[in-house]
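# A look at the structure
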Amino acid sequence: GLLECCARCLIGAPFASLVATGLCFFGVALFCGCGHEALTGTEQLIETYFSKNYQDYEYLIDVIHAFQYFIYGTASFFFLYGALLLAEGFYTTGAVRQILGDYKTTLCGRGLSATVTGGPKGRGARGPPRAHSLQRVCQCLGKWLGHPDKFVGLTYVLTVLWLLVFACSAVPVYIYFSTWTTCQSIANPSKTSATIGSLCADARMYGVLPWNAFPGKVCGANLLSVCKTSEFQMTFHLFIAAFVGAAATLVSLVTFIIATTYNFAVLKLMGRGTKF
C-alpha cells in the first residue's frame, strides 16, 4: 500500500546526504551572496574614505572583481556537485540497505545493487535473466554513481581547498573587527590611555592599498563617523555572514566524506561476501 511504499522510501533515504546537501546549499548561498555584496561595500568604503586617487585602488578593484567572478563559479559548481553527491547517496544507500537486508529494494535498487556489488551471475546455459527496462537504466546510472571511492577522493580534495577559502574568509572579518574595536575605543576614551587622534584604521597596513596612497588611513572622530555609517555596519555583518556560510559548507563537505566513506566500506566488504 501507500504507507508501506512511503515507509520503504524513508528507510532507504540517505539522511546524512540530505542534511549535508541542505547545509551545503545554505552555506554556499550565504557565502556567495553575502560575500559578493560585502566586497562591493568594501570597494565603496575605500573609494569614499581611504583614497582620493583611483590609481591607488585600481588593482584592489581588479582583485575584488576577480573574487566576485570566483564566487559566481563557486555557486554554480557547488550546486551541481551537491546534487551529484545527493544522487550518489540515494543510489549507494539503496544498495547498502539491500545488502544489510533493511528493506525490499525496488527494480531500480536491484539494478543498481547488481551494478555496484556484482550481483547474481548467469544461470547456467540460460545466461543472465532479462532485465526490466527501468532496471537497465538504473544499471547504467549505477556504473556512474555507484563508485563511492571516487567521490571520497574528490570530496576530500575539495574539502582541503575549501579550508583555504574558509581561512581567507576570516581575514576581512578580522580587519573589520579590528576597525570596529578601534571605534569603540574612540567612543569611550576613558577606557584607553591613547589619545583619540592617534587611534586610526590604516588600510595600507593590511595590504589593501599601497603605502603611497593618500590618505590611506582615517583617525579619531572621522573614523568614528565612518564606523557609524550604514555602509560600514552592513559590510561588516555581511562578511560575518559569509564566514558563517563558509563554515557551514566545510561542515557539509566533512559530512559528505563520512557518509560516502561508510557506503564505500559496506559495498567493498559486505558486498563481496566478506564478514566482519
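Refer to the structure above for everything that follows.
What comes next is a walk through the structure. (Residues numbered from 1 in each chain as written. Predicted model: local features only at pLDDT ≥ 70, side-chain atom pairs only at ≥ 80, totals over all residues. Heavy atoms only, no water.)

## Focus on the overall build of the protein chain
Convention followed: For helices the rule is a DSSP run of H or I covering at least 4 residues; for strands it is a run of E covering at least 2, with both sets numbered from the N terminus onward. Relative accessibility decides the category of a residue: with a 1.4 Å probe and only protein chains considered, values under 20% of the type maximum give buried, values over 50% give exposed, and everything between is partly exposed. Exposure was quantified through the Shrake-Rupley algorithm and a 1.4 Å probe, taking into account, for residues, occlusion by the shown protein chains and nothing else.
Each helix and strand counted, the protein chain has eight helices and two strands in total. Seen in sequence order, the protein chain has helices and strands lined up from the N terminus as α-α-α-α-α-α-β-β-α-α. Taking all 276 residues of the protein chain together, 41% fall into the buried category. Of the roughly 15,500 Å² that the protein chain leaves accessible, carbon and sulfur atoms contribute 67%.

## What to know about the nonpolar core
How we decide: Buried Ala, Val, Leu, Ile, Met, Phe, Trp, Tyr and Cys residues that are joined via side-chain atoms within 4.5 Å together make up what is termed a nonpolar core. Contacts between residues were defined by any pair of non-hydrogen atoms, one from each residue, lying within 4.5 Å.
One finds Phe31, Ile46, Phe78, Trp162, Leu209 and Leu223 to be the most contacted residues of the largest nonpolar core, which totals 47 residues. Looking at this core, the elements with two or more residues in it are helix 2 (15–50), helix 3 (54–100), helix 6 (148–187), helix 7 (220–227) and helix 8 (230–269). With eleven residues, the top contributor of residues to this core is helix 2. Once you skip the residues sitting within four places of it in the chain, leucine 209 turns out to touch Ile46, Phe50, Ser51, Asp56, Tyr57, Ala203, Arg204 and Gly216.

## What to know about the side chain of threonine 249
What counts, and what does not: The definition of a polar contact used here is a pair of N or O atoms within 3.5 Å, where within protein one atom must be able to donate a hydrogen and the other to accept one, and adjacent residues in sequence count solely through side-chain atom pairs.
Here threonine 249 shows up in helix 8. Within polar-contact distance, the side chain of threonine 249 engages the backbone nitrogen of valine 28 at 3.2 Å. Within the structure, threonine 249 has its side chain in polar contact with the backbone oxygen of glycine 245 (distance 2.9 Å). Here threonine 249 is in contact with Cys24, Gly27, Val28, Phe78 and Trp162, once residues within four sequence places are set aside.

## Some remarks on the pattern of salt bridges
Inclusion rule: Whenever Lys or Arg places a side-chain nitrogen within 4 Å of a carboxyl oxygen from Asp or Glu, that contact is recorded as a salt bridge.
For the coordinates displayed, the defined rule picks out one salt bridge. Its salt-bridge partner being arginine 204, residue aspartate 202 comes within 3.0 Å of it at the nearest N-O pair. With respect to class, aspartate 202 is no different from arginine 204; both count as buried.

Geometry only, nothing functional implied.
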